[in-house]
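Survey of secondary and tertiary structure
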Amino acid sequence: MTTNTLAELDADVARCRRCPRLVQWREQVAATKRAAFADETYWGRPVPGFGPPGASLAIVGLAPAAHGGNRTGRMFTGDRSGDVLFQALYDVGLASQPRSTRPGDGLELRGTRITAPVHCAPPANKPTPAERDECRPWLVREFELLRPTLRAVVVLGAFGWQALLPVIARVRPLPKPLPRFGHGTRVPLPGEPPLTLFGCYHVSQQNTFTGRLTPAMLRDVLALAAREAGLI
């Protein structure tokens with residue numbers, strides 16, 4: 001992969017058609033739509049990462065939502081999970097506004113990049129291991145491009161944690177035994193420049209509606225990571 005900038009990488013991601021099941025599903029959803037969005041034109045393509053070049057903090061999720069990122073074309077945008085995440089980012093000073101509705105809505109992230117190990121919306125929000133592995137080169141290149149400035153990573157959920165470790169292993173050594181996911185886990189990684197992983201429960205409705213992840217819990221992890229990244 002020869003992309004030299006995040007902008008080039010994002011453009012290449014948006015053209016990807018590597019996984020037939022995901023291509024079929026994302027395009028089917030974009031054609032049939034949800035009734036509430038019947039008048040909208042869905043993005044219906046892979047959703048690239050979002051955030052400025054030179055970010056010192058990365059947030060890694062799972063995959064775009066069928067009627068969220070797959071509709072709007074921006075990670076964690078247009079669904080309730082994203083509403084929770086962006087409110088928390090705003091509360092700790094990492095986002096210019098508390099809601100993300102669509103590209104061009106004026107939202108800017110400060111020193112923060114949001115991405116995922118799978119860039120297409122999967123059926124039932126469950127990508128297969130093969131789809132995760134097929135998408136991995138995009139995340140590897142993204143982290144290679146971020147390496148000079150990246151100082152902290154917040155991983156939302158166990159799937160993202162498991163998907164990210166092989167990516168990190170491509171750019172720096174990992175401790176042994178491999179760190180396990182847990183909410184509030186903090187793992188300083190060996191190597192230079194300094195990089196620290198933080199675990200956080202995913203902002204899925206299953207977690208936020210049941211109280212497994214509260215706004216205060218999310219803000220606490222983001223604030224710790226932001227301090228590690230030198231952003232607050």
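On to the sheet that holds strand β5 (residues 195–200), then. Whenever strands of a sheet pair, they do so through backbone hydrogen bonds, lying parallel or antiparallel. In spatial order, the strands read β2-β1-β3-β5-β4; together these five strands make up an open sheet with mixed pairing. A single partner strand is all that each edge strand has here, and the edge strands are β2 (112–115) and β4 (186–189). Adjacent strand axes in the sheet meet at a mean angle of 20°, parallel and antiparallel pairs treated alike. The pairing of strand β1 (residues 57–60) with β2 spans four bridges and is classified as parallel. Within β2, the position partnered with L57 by the bridge is T112.

Within this structure, the stated rule accounts for 14 salt bridges. A salt bridge links E131 to R21, with the shortest nitrogen-to-oxygen separation between them at 2.8 Å. With E131 in helix α5 (residues 129–146) and R21 in helix α2 (residues 20–32), the pair connects residues that are 110 residues apart, well separated along the chain. With a relative accessible area of 7%, E131 lands in the buried category. Of the charged contacts, one joins E144 and R141 as a salt bridge, the two residues approaching to 3.1 Å between their closest N and O atoms. Here the residue E144 and the residue R141 both occupy positions in helix α5, the gap between them amounting to three residues, near one helical turn. For R141, a relative accessible area of 15% gives the class buried. Ionic contacts of the salt-bridge type, sharing partners, join the residues D10, R113 and E142 into one network.

What follows is about the packing of aromatic side chains. If you walk through the whole model with that rule in mind, you get two aromatic pairs. Where W161 meets F181, the ring centres are 5.8 Å apart and the plane angle is 65°; that geometry is what we call edge-to-face. With W161 in helix α6 (residues 158–171) and F181 in the loop between α6 and β4, the pair connects residues that are 20 residues apart, well separated along the chain. One aromatic cluster is present, formed by W161, F181 and Y201 through successive ring pairs. Directly above the ring of F37 sits R71, whose terminal nitrogen or CZ lies 3.7 Å from the centroid.

This brings us to unusual backbone geometry. At the junction of K176 and P177, the peptide bond is cis and its omega measures out at -5° in the coordinates. On the secondary structure map, P177 appears in the loop between α6 and β4. A cis geometry characterises the amide bond from E192 onward to P193, with omega recorded as -5°. Mapped onto the fold, P193 is located in the loop between β4 and β5. Phi is positive for A124, close to 60°, though the residue is something other than glycine. Position of A124 relative to the elements: it lies in the loop between β2 and α5. You can call A124 exposed: its relative accessible area is 63%.

Another aspect to go through is the packing of helix α4 (residues 80–91) against helix α8 (residues 215–228). Viewed as axis vectors pointing N to C, α4 and α8 meet at an angle of 50°, and their least axial separation amounts to 9 Å. With respect to their mutual orientation, α4 and α8 come out oblique. For the element pair α4 and α8, the recorded crossing hand is right-handed. Side by side, α4 and α8 meet where V84, L85, A88, L89 and D91 of the first sit next to L218, R219 and L222 of the second. Counted by class, the contact of α4 with α8 contains six nonpolar, no polar and two charged residues.

As a packed pair, helix α1 (residues 6–13) and α5 sit with axes 10 Å apart at the nearest point and diverge in direction by 170°. Classified by the angle between their axes, α1 and α5 sit roughly antiparallel to one another. Contact residues: α1 offers L6, L9, D12 and V13, while α5 offers W138, R141, E142, L145 and L146. Looking at the contact of α1 with α5 residue by residue, the classes come out as six nonpolar, no polar and three charged.

Rules and cut-offs
- Residues numbered from 1 in each chain as written.
- Predicted model: local features only at pLDDT ≥ 70, side-chain atom pairs only at ≥ 80, totals over all residues.
- Heavy atoms only, no water.
- Pairing = 2+ DSSP bridges.
- Helix = DSSP H or I, 4+ residues; strand = E, 2+ residues; numbered from the N terminus.
- Axes fitted to C-alpha atoms, helices over the stretch in contact; angles between N-to-C directions.
- Salt bridge = Lys/Arg side-chain N within 4 Å of Asp/Glu carboxyl O.
- Buried < 20%, exposed > 50% of the residue type's maximum accessible area, 1.4 Å probe, protein only.
- Phe/Tyr/Trp six-rings, centres within 6.5 Å; stacked < 30°, edge-to-face > 60°.
- Lys NZ or Arg CZ within 6 Å of the ring centre and 35° of its normal.
- Parallel < 35°, antiparallel > 145°, perpendicular 65-115°, else oblique.
- Left-handed = near helix turned anticlockwise from the far one by under 90°.
- Contact = heavy atoms within 4.5 Å.
- Nonpolar A, V, L, I, M, F, W, Y, C, P; charged D, E, K, R; others polar.

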